[in-house]
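Tertiary structure, described
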Amino acid sequence: LVCSSEVREELDFFVKEHRAVEVLREYALPISNKLLFHGPPGCGKTTTGSALALKLILENKASRVLLVAYTNSAANEFCRELCNILTPNESRFFCVRAGYPAGADPSLSIPFSNNIEEIRSKKIVICTTLSLRRVRSIRFDNIIVDEAGVEKLQDLLSPFTLGINQRTAIHLLK
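Because the structure is a prediction, the values reported are computed rather than measured.

A word on the overall build of the protein
- Looking only at helices and strands, one finds 7 helices and 6 strands in the protein.
- Starting at the N terminus, the α and β elements of the protein follow one another as α-α-β-α-β-α-α-β-α-β-β-α-β.
- The buried share of the protein, taken over its 174 residues, is 44%.
- In the protein, 68% of the contacts between residues at least 6 apart in sequence involve partners at least 24 apart.

Description of the nonpolar core
- Ranked by size, the top nonpolar core spans 25 residues in total, and within it Leu-67, Leu-82, Cys-95, Ile-124 and Ile-126 carry the most contacts.
- At the level of secondary structure, the elements contributing two or more residues to this core comprise α1 (5-19), α3 (45-58), β2 (65-69), α4 (72-85) and β4 (124-128).
- Setting aside anything within four residues of it in sequence, one finds Ile-124 in contact with Ala-53, Leu-54, Ile-57, Val-65, Leu-67, Leu-82, Phe-94, Cys-95 and Val-96.

Remarks on the pattern of salt bridges
- On inspection of all chains with the given rule, the structure shows 4 salt bridges.
- Note that Glu-59 is salt-bridged to Lys-55, the shortest N-O span being 3.1 Å.
- Look at Lys-55 and you get partly exposed, because its relative accessible area is 34%.
- With its nearest N and O atoms 3.0 Å apart, the salt bridge here joins Arg-120 to Glu-117. Residue Arg-120 and its partner Glu-117 are both found in helix α6 (residues 116-120); the two are separated by 3 residues, about one turn of the helix.
- We classify Arg-120 as partly exposed; its relative accessible area is 30%.
- On the accessibility criterion, Glu-117 (51% relative accessible area) is exposed.
- One salt-bridge network, in which partners are shared between bridges, spans Glu-77, Arg-80 and Asp-105.

What to know about the side chain of Asp-146
- Tracing the backbone through its elements, the reader meets Asp-146 in strand β5 (residues 140-146).
- For the buried Asp-146, no salt bridge is present, and the opposite-charge side chain at shortest range is Lys-45, 6.1 Å distant.
- Among the polar contacts listed, one links the side chain of Asp-146 to the side chain of Thr-46, at a separation of 2.5 Å.

Focus on α4
- In a regular helix each residue adds 1.5 Å, so 14 residues correspond to 20 Å; α4 covers 20 Å between its end C-alpha atoms and thus fits that length.
- Within the span of α4, buried status applies to Ala-74, Ala-75, Asn-76, Phe-78, Cys-79, Glu-81, Leu-82 and Cys-83.

A look at the packing of aromatic side chains
- For the coordinates displayed, the defined rule picks out 1 aromatic pair.
- For the ring pair Phe-93 and Phe-94, a centre distance of 5.1 Å and an interplane angle of 80° mean the geometry is edge-to-face.
- Residue Phe-93 is classed as exposed on the basis of its relative accessible area of 57%.
- Under the relative-accessibility criterion, Phe-94 is labelled buried at 14%.

Side note on the pairing of β2
- Extensive coverage of β2 is indicated by the burial of 5 of its 5 residues.
- In β2, alternate side chains face the same way, and those of Val-65, Leu-67 and Ala-69 on one face and Leu-66 and Val-68 on the other are all buried.
- In the sheet, β2 pairs with β4 via 5 bridges, with the strands oriented parallel. Residue pairing in the sheet places Val-68 in a bridge with Cys-127 of β4.
- Examined bridge by bridge, β2 and β5 share 5 bridges and lie parallel to one another. By the bridge assignment, Ala-69 is partnered in β5 with Asp-146.

Thresholds applied
- Residues numbered from 1 in each chain as written.
- Predicted model: local features only at pLDDT ≥ 70, side-chain atom pairs only at ≥ 80, totals over all residues.
- Heavy atoms only, no water.
- Helix = DSSP H or I, 4+ residues; strand = E, 2+ residues; numbered from the N terminus.
- Buried < 20%, exposed > 50% of the residue type's maximum accessible area, 1.4 Å probe, protein only.
- Contact = heavy atoms within 4.5 Å.
- Core = buried A, V, L, I, M, F, W, Y, C linked by side-chain atoms within 4.5 Å.
- Salt bridge = Lys/Arg side-chain N within 4 Å of Asp/Glu carboxyl O.
- Lys, Arg positive; Asp, Glu negative; His and termini not counted.
- Polar contact = N/O pair within 3.5 Å; in protein donor to acceptor, adjacent residues only side chain to side chain.
- Expected span 1.5 Å × (residues − 1).
- Phe/Tyr/Trp six-rings, centres within 6.5 Å; stacked < 30°, edge-to-face > 60°.
- Pairing = 2+ DSSP bridges.

All quantities given are derived from atomic positions and should not be read as evidence of function.
Dropping the structure here:
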């Protein structure tokens, strides 16, 4: 990930804090659970969100991450970014794209499924805000929302009312 030193420091601090979550809890210290990425199109918000989701999974800081976007195009962009980071076998192992079948890009190696058991078996779930009802029975440690700036308030808040843990971390990409 190419970014400024200031952005790198903030991301590193966030990840380090999650690495020490047990120590922070032991001393009753608060844990940052919200990040807001803001910038023009093409500046790397979706790439950073995808990389952050994968880093949290690979470092065992989260057992399941939800990547949610307002449009199918943006959800597919999450998938595309993950496919750029992972091998095809890894992306099939870790990830699943759920939601509207016709909206999913079939050229990507991330499988599409609305089968709740298959979705539950994956570490990273990608869907749109309109298809969240398909994953409402699943709990997530982290939620990363893309296109937060274009969503209506009720659509933006819906990921936080469905399938989240009490300690869920929330990340908004605007």
